[in-house]
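# Secondary and tertiary structure notes
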Amino acid sequence: MRTQVAIIGGGPSGLLLGQILHKAGIDTIILERQSRDHVLSRIRAGVLEQGLVDLMTQAGVGDRLARDGIPHHGTILTHDEKELRIDFTRHAGRPVIVYGQTEVTRDLYAARDASGAPILHEVSDVELHDLDSDRPHVRFTQNGKSQRIDCDYIAGCDGFHGVSRQSIPSEKRREFEKTYPFGWLGILSETPPAHHELIYANSGRGFALCSMRNPMLSRYYVQCRVDDHVDNWTDQAFWDELRHRLPSQYADTLVTGPSIEKSIAPLRSFVCEPMQYGRLFLCGDAAHIVPPTGAKGLNAAAADVFYLSDALQRRYLDQDVQALEGYSARALARVWKIERFSWWMTSLLHRFPDQSEFDLRMQQTEMAMLAEDNRAKHTLALSYVGLPY
Ligand code: APR
Ligand code: PHB
């Protein structure tokens, strides 16, 4: 097989890149390790920056998002019984859009199918070869048959556990990592949300988040021990703990119900530098991970896809390779700002096991500055709604 750009990974990064390149007349093949159902079963966040919404619209995949996406013009931060609202539209000029990121993936799969461009599922033994030549190729197995794709470029969109980042020689890459001493226990319930906007709560018992997918589908999280297990939590135990962590005005009116999904996720900050090697370019979770406080995972990936799709179009349509050569530097400049924001939101809103009284005062003072100073609100809002590409 031969194509112009081989895309490793059929998650949102790979699918969005494939859709944009297809619209530009650039041939791609997407290789995905899992079945489509498996990819669609992955629990994802529900907040989209306007930049991602615009990319989906420009890629011709924005219709359902335009219909079902819910603009959120602000969010609530609470600290024990205190609360403050960050007005995104007032401080940053635009809202975020609440729309399940799994629905983004579903929309992108539908577009891929409609385009007729190839996506191969349940592939294995993916290997990237001759990355430092002008004739890279990919080897893989599907249905027990070994196959090869010759291409001009490879986009590594295969997530944190993929093969692409590992295909950059270890002496050529530098990795930065921070793990957090807690996890997020999340549930999905067919109940109305606690509030019409998201609530990020810092309480003496730990962090909690009240989110949603639609007016009758709510997503909740509580900070839990890093070694906790879902089996330790009945639904009732979850609801009781969530109520303890919310100000009484929300706890008293919380509508509970049976969980239809329950899972625990660890929190990590991670960046790989550089995000390119020879003819390989990394996008999304293959290159960086953020803690979910602020829902920046997919939104950071979207910016990578914007930069890489722009560079590939310049190369194929204008014979200009300069943007490709500068991809990593351009992408990392924004990635590190998103890493900072996600780390800062996580540090502000969680209770750390070794937290000192001084550390607690620092959290309280950050909250006081947000409450009293519009410049602090402005800075938070700019990052939350999405820094410019
Ligand atoms: N070969 C082929 N596919 C692979 C391989 C491999 N060796 N390894 C992993 N994959 C596939 C995974 O099965 C997965 O479907 O690559 C895909 C990577 O998708 P994600 O992990 O979702 O990463 P990405 O597309 O970058 O999404 C970024 O979306 O919803 C958010 O929080 C989520 O931060 C994440 C973001
Ligand atoms: C979610 O809706 O799952 C969600 C929302 C905001 C976050 C994280 C997760 O910061």
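This text goes with the structure placed above it.
Numbering of residues starts from 1 in each chain and follows the order in which that chain's sequence is written. All chains are assigned letters beginning at A, and all ligands numbers beginning at 1, according to the order in which they are written. Thresholds applied to this predicted model are a pLDDT of at least 70 for local features of residues and 80 or more for the giving and counting of side-chain atom pairs; totals over whole chains, interfaces and linings are not thresholded and use all residues. Water and hydrogen atoms were dropped before computing side-chain values, which therefore reflect all heavy atoms in the structure.

## What to know about the sheet that holds strand S16 (residues 217–224)
Across the sheet, eight strands lie side by side as S6-S5-S14-S15-S16-S13-S17-S20; this open sheet has mixed pairing. On the outer flanks of this sheet lie strand S6 (82–87) and strand S20 (288–289), each paired with one strand and no other. As defined by bridge partners, strand S15 (residues 206–214) adjoins S16 across six bridges and the pair is classed as antiparallel. Counted as the bridge partner of Cys 210 is Tyr 220 from S16. Together, strand S5 (74–79), S6 and strand S14 (199–203) form the strand contacts of helix H13 (residues 374–385), whose direction differs from that of S6 by roughly 60 degrees. By the convention used here, strands pair only if DSSP detects at least 2 bridges between them. Secondary structure counts use DSSP, requiring at least four H or I residues in a row for a helix and at least two E residues in a row for a strand, with both numbered from the N terminus. Whether two residues touch is decided by their heavy atoms; if any such pair falls within 4.5 Å, the residues are in contact. Throughout, an axis means a line fitted to C-alpha atoms (over the contacting stretch in the case of helices), and angles, computed between N-to-C directions, take values from 0 to 180 degrees.

## A closer look at the site of ligand 2
For this description, a residue counts as near a given molecule or strand if any of its non-hydrogen atoms is within 4 Å of it. In the region of ligand 2, 15 residues are neighbours, and Tyr 200, Ser 211, Arg 213, Tyr 221 and Pro 292 sit closest. A distance of 3.5 Å separates an oxygen atom of ligand 2 from a polar atom in the backbone of Gly 46. The definition of a polar contact used here is a pair of N or O atoms within 3.5 Å, where within protein one atom must be able to donate a hydrogen and the other to accept one, and adjacent residues in sequence count solely through side-chain atom pairs. A distance of 2.7 Å is found between an oxygen atom of ligand 2 and a side-chain nitrogen or oxygen belonging to Arg 213. For the shell around ligand 2, the secondary-structure elements that each account for two or more residues are S15 and S16. A per-element tally of the shell around ligand 2 places S15 first, with three residues. The class makeup of the residues in the shell around ligand 2 is nine nonpolar, four polar and two charged. Only Asp, Glu, Lys and Arg are considered charged, only Ala, Val, Leu, Ile, Met, Phe, Trp, Tyr, Cys and Pro nonpolar, and every remaining residue, Gly among them, polar.

## Thoughts on the packing of aromatic side chains
Centres within 6.5 Å are what make two rings of Phe, Tyr or Trp a pair, Trp counting through its six-membered ring; a difference in plane orientation under 30 degrees is then read as stacked, over 60 as edge-to-face, and the rest as tilted. Counted according to the given criterion, the structure contains 18 aromatic pairs. Look at Phe 306 and Tyr 389: their rings are 5.1 Å apart centre to centre, the planes differ by 40 degrees, and that puts the pair in the tilted class. Of this pair, Phe 306 sits in helix H9 (residues 297–318) while Tyr 389 sits in the segment after H13, placing them 83 residues apart in sequence. When the ring of Tyr 307 is compared with that of Tyr 389, the centres are 6.3 Å apart and the planes differ by 65 degrees; the resulting orientation is edge-to-face. One end of the pair, Tyr 307, is in helix H9; the other, Tyr 389, is in the segment after H13, and 82 residues separate them in sequence. The buried label goes to any residue with under 20% of its type's maximum accessible area, the exposed label to any with over 50%, and the partly exposed label to all in between, with areas taken from a 1.4 Å probe on protein chains only. Given the relative accessible area of 28%, Tyr 389 is considered partly exposed. Among the aromatic residues, ring-to-ring pairing joins Phe 88, Trp 184, Tyr 200, Phe 207, Tyr 221, Phe 341 and Tyr 384 into one connected group. One cation-aromatic arrangement involves Arg 315 over Tyr 316; the distance from NZ or CZ to the ring centre is 4.4 Å. Two conditions define a charge located above a ring, namely a distance within 6 Å from the ring centre to NZ of Lys or CZ of Arg, and an angle within 35 degrees of the ring normal.

## Some remarks on the sheet that holds strand S4 (residues 70–72)
With antiparallel pairing, three strands are arranged side by side in an open sheet as S3-S7-S4. Of all the strands in the sheet, the pair left with one neighbour each is strand S3 (47–48) and S4. Bridging between S3 and strand S7 (residues 96–98) involves two bridges; their strand directions are antiparallel. Bridge assignment links Leu 48 to a residue of S7, and that residue is Ile 97.

## Overview of the pattern of salt bridges
We define a salt bridge as a side-chain nitrogen of Lys or Arg found within 4 Å of a carboxyl oxygen belonging to Asp or Glu. Summed over all chains, the structure comprises 25 salt bridges. The partner of Asp 87 in a salt bridge is Arg 85, with the nearest N and O atoms 3.4 Å apart. What makes Arg 85 partly exposed here is its relative accessible area of 34%. Where Lys 262 meets Asp 235, a salt bridge forms, and the shortest distance between an N and an O atom there is 2.8 Å. A residue pair is termed long-range when its members are at least 10 positions apart, and Lys 262 in strand S17 (residues 259–273) and Asp 235 in helix H7 (residues 235–245) qualify at 27 residues. Exposure remark for Lys 262: the relative accessible area of 22% places this residue in the partly exposed category. Its relative accessible area of 22% is what places Asp 235 among the partly exposed residues. When salt bridges that share partners are traced, they join Arg 64, Glu 103, Arg 106 and Asp 107 into one network.

## Description of H9
End to end, H9 covers 31 Å across 22 residues, agreeing with the expected 32 Å (1.5 Å per residue, within 8%). Gln 319 sits one or two positions beyond H9 and adopts a positive phi of about 55 degrees. By this rule, a helix spans an expected 1.5 Å times one less than how many residues it contains.

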